[in-house]
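The primary structure of each chain is shown beneath.
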Amino acid sequence: MTGASGGASGGALLVVGDVVTDVVARHRGPLAVGTDTAASVRRLPGGAGANVACWAAHEGCGEVRLLGRVGTDAAAWHERELAACGVRPLLVVDAAAPTGTVICLVDTADSAERTFLTDSGASLRIGPDDWSDALLDGVGRLHLSGYLLFSEPSRALVSVALSAARARGVPVSLDPASTGFLTALGVDRFLGLVEGVDVLLPSRDEACLLTGLPDAADAAAKLSRHVPLVIVKQGVQGALVARSGAVSTRVAAVRASPRDSTGAGDAFTGAFLAALLAGAEPREAAAAGCRAGARAVERVGGRPPRAACWGPADG
């Protein structure tokens, strides 16, 4: 197994992150404030961590494990949905908090842009007591959802997991997750918390926020002085690969007809990590990520296009 530069082959992918219930409301045009707006509403399994795991499995990763925390209200449903997508669910059931819920408001105009209303629920109560170093047995890569950085218990879990991974030589990736939460956390604090991460996968907006630079390429280059490998996801503009303070590769996007951009970044991340575990170089892995992101925006919800994952709820 090699480091963050790619070429790592073999082993399972362990994802630690959020498992939530998405309520996706697809409407067209501006919301009518103070009255009704017609929409198509669906309840779907989601969560950035869970979505990444499902897409990695869909993209051929031989073994994918997911550590997350859910409430008793939806634990069995989420376990079934994850297993159906080829993911081994390692879910801690919280008797004191409900499963996290995200209301996804999706404008069905050309951009398919979405706005999230987030109640993290049990997902942010995951902590060091839910971790065991044995979780890393047979693991080739560890991926951490950035949402773990936004509560004290889950930040402590990140620290424990990073230390355990470093001790075993397991490379670690992290997706910053949310500009809104990053702003509240603070850039300097975020950069301190991710010290020791091998791969950072921010969106364009997240990269610019983390560096204070308006240009995504400049932001990617600057971030790669802190983290060995930085992949900036740019949606219709593709992706940037940066190492050692410079952008080494620009990867073109794949054309798509967007319906719902929910989970597109998670799809990219899952496919990217699956490719790295299969031995791909970062450029090839980023191209796989762009292909998965394009497929993701053409469907409703954040999970991959697999009949076993969806059944009649697929849109």
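Right, let's walk through the structure included here. (Residues numbered from 1 in each chain as written. Predicted model: local features only at pLDDT ≥ 70, side-chain atom pairs only at ≥ 80, totals over all residues. Heavy atoms only, no water.)

**Section: the pairing of strand β6 (residues 100–107)**
On a regular strand, each side chain points to the face opposite its neighbour's, so the side chains alternate between the two faces of the sheet. Strand direction decides the pairing type here: strand β2 (residues 20–27) and β6, joined by 8 bridges, are parallel. In the sheet register, V20 faces β6, and the bridge partner there is G100. Both β6 and strand β7 (residues 114–119) contribute to a ladder of 6 bridges, which runs antiparallel. In the sheet register, C104 faces β7, and the bridge partner there is F116. (Pairing = 2+ DSSP bridges. Helix = DSSP H or I, 4+ residues; strand = E, 2+ residues; numbered from the N terminus.)

**Some points on the environment of G196**
Counting through the fold element by element, G196 comes out in the loop between α5 (187–193) and β10 (199–200). Here the alpha-carbon distance between G196 and R43, two residues 153 residues apart in the chain, equals 37 Å.

**What about the sheet that holds strand β9 (residues 172–175)?**
Strand order in the open sheet made by the 9 strands is β5-β4-β1-β8-β9-β10-β11-β12-β13, with mixed pairing throughout. At either margin of the open sheet sits one strand with a lone partner, and together these are β5 (87–94) and β13 (246–251). Both strand β8 (residues 139–145) and β9 contribute to a ladder of 4 bridges, which runs parallel. Each residue of the ladder has a partner; that of L142, found in β9, is V172. Against the sheet, helix α1 (residues 48–58) makes contact with β1 (12–16), β4 (64–71), β5 and β8, and its axis sits at roughly 155 degrees relative to β4, the strand it touches most. (Contact = heavy atoms within 4.5 Å. Axes fitted to C-alpha atoms, helices over the stretch in contact; angles between N-to-C directions.)

Interpretation note: all reported values are geometric properties and have no functional meaning in isolation.
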